[in-house]
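So you can see what is in the structure, the chains are spelled out below.
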Amino acid sequence: MEISGRTGLLGLIGSPVGHSGSPAMYNYSFELLDMDYRYLAFDIKLDQVSKAIDAFKTFNMKGGNVTMPCKSAVCEYMDELSPAARIIGACNTIVNENGKLIGHITDGQGYVRNLKENGVDIKGKKITVMGAGGAATAIQVQCALDGAREISIFNKKDDFYGRAEKTIQDIKREVPKCIVNLYDLDDTEKLYKEISTSDILTNATIVGMKPYENETNIVDTSVFRKDLIVSDVVYNPVKTKMILDAEAKGCKVIGGKGMLLYQGVEAFKLFTGEEMPVEEVKSRYFAE
Ligand code: NAD
């Protein structure tokens, strides 16, 4: 489709953005659906966020995505925030609704949607999540909002531990019926006990990610009982050591690539109101 005087603009802001797969994925989707939009990446540093958001409004951009280091900083310039973006204090998706900018965060939605696409409904489930960084917090908040019964969070006593303490308070306030607890990841006895009563175990730490691909937080693989669903947010490598160990024990395993795809699918739906042509995008950009 040719660019015309009416072609709508969307874009990614953050820094760096040169490596991002988002422009290819969204432009391919626009092409397949015959939609008159184009999506570009703009290298925006923290001190340029306010001007970038002004540009969204000035150019009447349909929407866009936000990546590091701008995910928190954009929040104060939004006219409205989704419940998850408000609780987490970060946005990865901006939607322009008739001049009003609405900030969303679709990482957690992408995680929950990926579970669903793999036949797992988070509603009523107990989930153990290792991690308290950006990905982990988004997952924990979205799982609570989407009806998880109980969430056990494990993290090392590092700088992220305090963030988990805040997440616990936020979830208790916003979703009081969800039981949520925080433990030290180094307390392996407690970790294995919580896993034994969980439906889903998720790694949302950097352990398992290149160059830590030979590492796993789960050393005792006897915790991988057959009816435990084991998922990882790490997508490089596609199958982490934890996923391979769990798979070998007969668990249903769900890797991180699906979360990456579906956070984009959810953002696309928010921008356009349409479902992304998932199968085509998957086979072109997410082939495993
Ligand atoms: P982050 O820096 O915000 O958080 C890092 C987390 O790892 C913290 O919980 C920290 O305590 C933990 N950690 C660090 N070193 C550790 C160690 N030695 N042992 C145990 N825990 C340790 O990172 P993030 O943005 O949340 O990303 C985490 C992972 O998730 C990365 O691999 C990233 O690529 C991946 N990710 C995937 C998706 C997706 O869509 N699949 C989205 C976002 C992030």
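Residues numbered from 1 in each chain as written. Predicted model: local features only at pLDDT ≥ 70, side-chain atom pairs only at ≥ 80, totals over all residues. Heavy atoms only, no water.

A.B. asks: I'm lost on the pattern of salt bridges in this one. Help?
C.D. replies: Opposite charge on two side chains allows them to pair when their charged atoms are near. Applying the stated criterion across every chain yields a total of 21 salt bridges. Across the pair D79 and K57 runs a salt bridge whose closest N-O atoms are separated by 3.4 Å. Taken together, the residues span a long stretch of sequence, with D79 in the loop between β3 (63-66) and β4 (80-81) and K57 in helix α2 (residues 49-58) at a distance of 22 residues. Exposure remark for D79: the relative accessible area of 39% places this residue in the partly exposed category. Overall, the relative accessible area of 37% leaves K57 in the partly exposed class. (Salt bridge = Lys/Arg side-chain N within 4 Å of Asp/Glu carboxyl O. Helix = DSSP H or I, 4+ residues; strand = E, 2+ residues; numbered from the N terminus. Buried < 20%, exposed > 50% of the residue type's maximum accessible area, 1.4 Å probe, protein only.)

A.B. asks: Would you mind showing me how to read a nonpolar patch on the surface here?
C.D. replies: Nonpolar side chains collect at one region of the surface, where I206, M209 and Y212 lie side by side and expose about 260 Å² of accessible area between them. Note that M209 resides in the loop between β10 (200-203) and β11 (229-232). (Patch = residues over 30% accessible without salt bridge, like charges linked within 9 Å, V, L, I, M, F, W, Y side chains within 5 Å. Areas by Shrake-Rupley, 256 points an atom, 1.4 Å probe, with all protein chains shown as cover.)

A.B. asks: Any chance you could explain the packing of helix α4 (residues 107-117) against helix α5 (residues 134-145) here in plain terms?
C.D. replies: When two helices pack together, their arrangement is given by the angle between their axes and by how far apart the axes lie. One can describe the packing of α4 onto α5 by two numbers: an axis separation of 7 Å at closest approach and a directional angle of 65°. Read as a crossing pair, α4 and α5 show a hand that is right-handed. On the side of α4, the interface is formed by D107, G108, Q109, Y111 and V112, while α5 contributes A138, I139, Q142 and C143. (Axes fitted to C-alpha atoms, helices over the stretch in contact; angles between N-to-C directions. Left-handed = near helix turned anticlockwise from the far one by under 90°. Contact = heavy atoms within 4.5 Å.)

A.B. asks: Please clarify how the nonpolar core should be interpreted in this entry.
C.D. replies: Side chains of nonpolar character tend, in soluble globular proteins, to be buried together. In terms of nonpolar packing, the biggest core is built from 52 residues, with V74, Y111, C143 and I151 touching the most fellow members. By residue number, the principal contributor to this core is α5, which donates six residues. Residue assignment places this core across two domains, with domain 1 (8-105 + 260-285) and domain 2 (108-255) each supplying three or more. Look past the residues within four positions of I151 in its chain and what remains in contact with it is I127, V129, Q140, C143, A144, I171, C178, I179, V180 and N181. (Core = buried A, V, L, I, M, F, W, Y, C linked by side-chain atoms within 4.5 Å. Domains from an automatic or database assignment.)

A.B. asks: Would you mind showing me how to read the packing of aromatic side chains here?
C.D. replies: Each pair of aromatic rings is reported with the distance of its centres and the angle of its planes. Scanning the model with the defined rule gives seven aromatic pairs in all. Where Y26 meets Y39, the ring centres are 4.5 Å apart and the plane angle is 35°; that geometry is what we call tilted. With a gap of 13 residues between them, Y26 in helix α1 (residues 22-32) and Y39 in strand β2 (residues 37-43) connect regions that are remote in the sequence. Per residue, the accessibility class of Y26 equals that of Y39, and both read buried. Note that K157 overlies the ring of Y161, its terminal NZ or CZ placed 5.0 Å from the centroid. (Phe/Tyr/Trp six-rings, centres within 6.5 Å; stacked < 30°, edge-to-face > 60°. Lys NZ or Arg CZ within 6 Å of the ring centre and 35° of its normal.)

A.B. asks: Explain empty space enclosed by the protein here, please?
C.D. replies: The gaps left among the atoms become clear once a water-sized probe is rolled over them. Taken as a whole and assessed by the stated rule, the structure comprises one cavity of 30 Å³ or more. Looking at the largest cavity, its volume works out to about 30 Å³. In this structure, the largest cavity is lined by Y111, N114, L115, S231, D232, V233, I254, G255, G256 and M259. Elements with a contribution of two residues or more to the lining of the largest cavity: α4 and β11. Per element, the largest residue contribution to the lining of the largest cavity is three residues, and it comes from α4. Tallied by class, the residues present in the lining of the largest cavity amount to five nonpolar, four polar and one charged. (1 Å grid on protein atoms, 1.4 Å probe; cavity = no way out; pocket = protein on both sides within 12 Å on 5 of 7 lines; lining within 4 Å. Points joined across faces, edges and corners; volume = space filled by probe spheres on them. Nonpolar A, V, L, I, M, F, W, Y, C, P; charged D, E, K, R; others polar.)

A.B. asks: Help me understand the environment of A164, please; the structure alone is not making it clear to me.
C.D. replies: Positionally, A164 belongs in helix α6 (residues 161-174). Accessibility expressed as a relative area gives 0% for A164, which makes it buried. Once residues lying within four places of it in the same chain are set aside, the contact partners of A164 are A132, I153 and L182.

A.B. asks: Which parts of the structure should I look at to understand the domain arrangement of the chain?
C.D. replies: Annotation of the chain at the domain level lists domain 1 (8-105 + 260-285) and domain 2 (108-255). Just the C-alpha atoms count here: the centres of domain 1 and domain 2 sit 26 Å apart. Summing both sides of the interface, domain 1 and domain 2 together bury roughly 1,200 Å²; the carbon and sulfur share of this comes to 61%. Summed over the shared surface of domain 1 and domain 2, the number is three salt bridges. (Buried area = accessible area lost by both parts, 1.4 Å probe.)

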